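A look at the structure
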Amino acid sequence: LVLQALYGLSDDEAEYVINDRLSFMRFVGLGLHEKAPDAKTIWLFREHLARTGAVERLFERFDRYLRRNGYLAMGGQIVDASIIEAPKQRLNREEKEAIRQGQVPQEWEDKPHKLRQKDTDARWTLKRGRAKVDESGKTRQGLIIPAYGYKACPRLDRGTISMLTAGTS
């Protein structure tokens, strides 16, 4: 249940990763020769704990253990939504419509050299610039800049940052 909460795992995913990862097996106290409980068993166990009110006590106890060992568990996540720019495409209406429908325009199929030069996966989006402070000290809204490319959105859970930095202070 703790692994499910930390990693956002379903019952089926929990069964799989506990059998797949040595670190998860060690965390739940299983040896190499032992199998993880199946998804139905995990579900029944969680339901039983919820009915008896033990889930809250379990996580309170786990939080105390983490604090005693210098860790601070926090929820949430940090998202870096960087944009990787791609060369802008010069398309006519028919080409744009075909790409929106997931098709390759007929003209491109007839000219493979043209198809190699086109990036059909990149998309237009709006990129927000930083807000500026004018001479009077008033904050102005940041610029909104159109950008063509790919969104690169690495995510990092704040709890992971806390665990990484708690022992380094």
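Here is a short report on the structure shown in this document.

1. Section: a positive patch on the surface
A contiguous patch of positive charge, built from R61, R64, R67 and R68, is present on the exposed surface. With respect to the helices, strands and loops of the structure, R68 is situated in helix α5 (residues 54-68). In this structure R68 comes out as exposed when scored by relative accessible area, which is 62%.

2. As for helix α6 (residues 93-100)
Those residues of α6 not exposed but buried are E95, A98 and I99. Viewed end-on, α6 has its buried residues packed into an arc of 100 degrees, placing them on one side of the element. Relative to its buried face, α6 has exposed residues pointing more than 90 degrees away, namely R93 and R100. Two residues or fewer past α6, G102 is found with a positive phi of approximately 80 degrees.

3. Notes on the environment of N19
Mapped onto the fold, N19 is located in helix α2 (residues 11-20). Note on N19: relative accessible area 30%, which makes it partly exposed. For the pair formed by N19 and L32, sequence separation is 13 residues and the distance between their alpha carbons is 9.0 Å. If near-sequence neighbours (up to four positions away) are discounted, N19 is found in contact with M25, K35 and A36.

4. Topic: the packing of aromatic side chains
Evaluation of the coordinates by the stated rule reveals 2 aromatic pairs. Ring geometry for Y7 and F24: centres 5.1 Å apart, planes at 40 degrees, overall tilted. Here Y7 is found in helix α1 (residues 2-7), whereas its partner F24 is found in helix α3 (residues 22-27), with 17 residues between them in sequence. According to the relative accessible area criterion, F24 is buried, its value standing at 5%. For the ring pair F27 and F62, a centre distance of 6.3 Å and an interplane angle of 85 degrees mean the geometry is edge-to-face. Of the two residues, F27 sits in helix α3 while F62 sits in helix α5, which places them 35 residues apart along the sequence. Its guanidinium or amino end placed over the ring of F24, R21 lies 5.0 Å from that ring's centre, counting from NZ or CZ.

Rules of the game
Residues numbered from 1 in each chain as written. Predicted model: local features only at pLDDT ≥ 70, side-chain atom pairs only at ≥ 80, totals over all residues. Heavy atoms only, no water. Patch = residues over 30% accessible without salt bridge, like charges linked within 9 Å, V, L, I, M, F, W, Y side chains within 5 Å. Areas by Shrake-Rupley, 256 points an atom, 1.4 Å probe, with all protein chains shown as cover. Salt bridge = Lys/Arg side-chain N within 4 Å of Asp/Glu carboxyl O. Lys, Arg positive; Asp, Glu negative; His and termini not counted. Charge placed at Lys NZ, Arg CZ, Asp CG, Glu CD. Helix = DSSP H or I, 4+ residues; strand = E, 2+ residues; numbered from the N terminus. Buried < 20%, exposed > 50% of the residue type's maximum accessible area, 1.4 Å probe, protein only. Arc of directions from axis to C-beta. Contact = heavy atoms within 4.5 Å. Phe/Tyr/Trp six-rings, centres within 6.5 Å; stacked < 30°, edge-to-face > 60°. Lys NZ or Arg CZ within 6 Å of the ring centre and 35° of its normal.

By themselves, these are just geometric observations and shouldn't be taken as functional.
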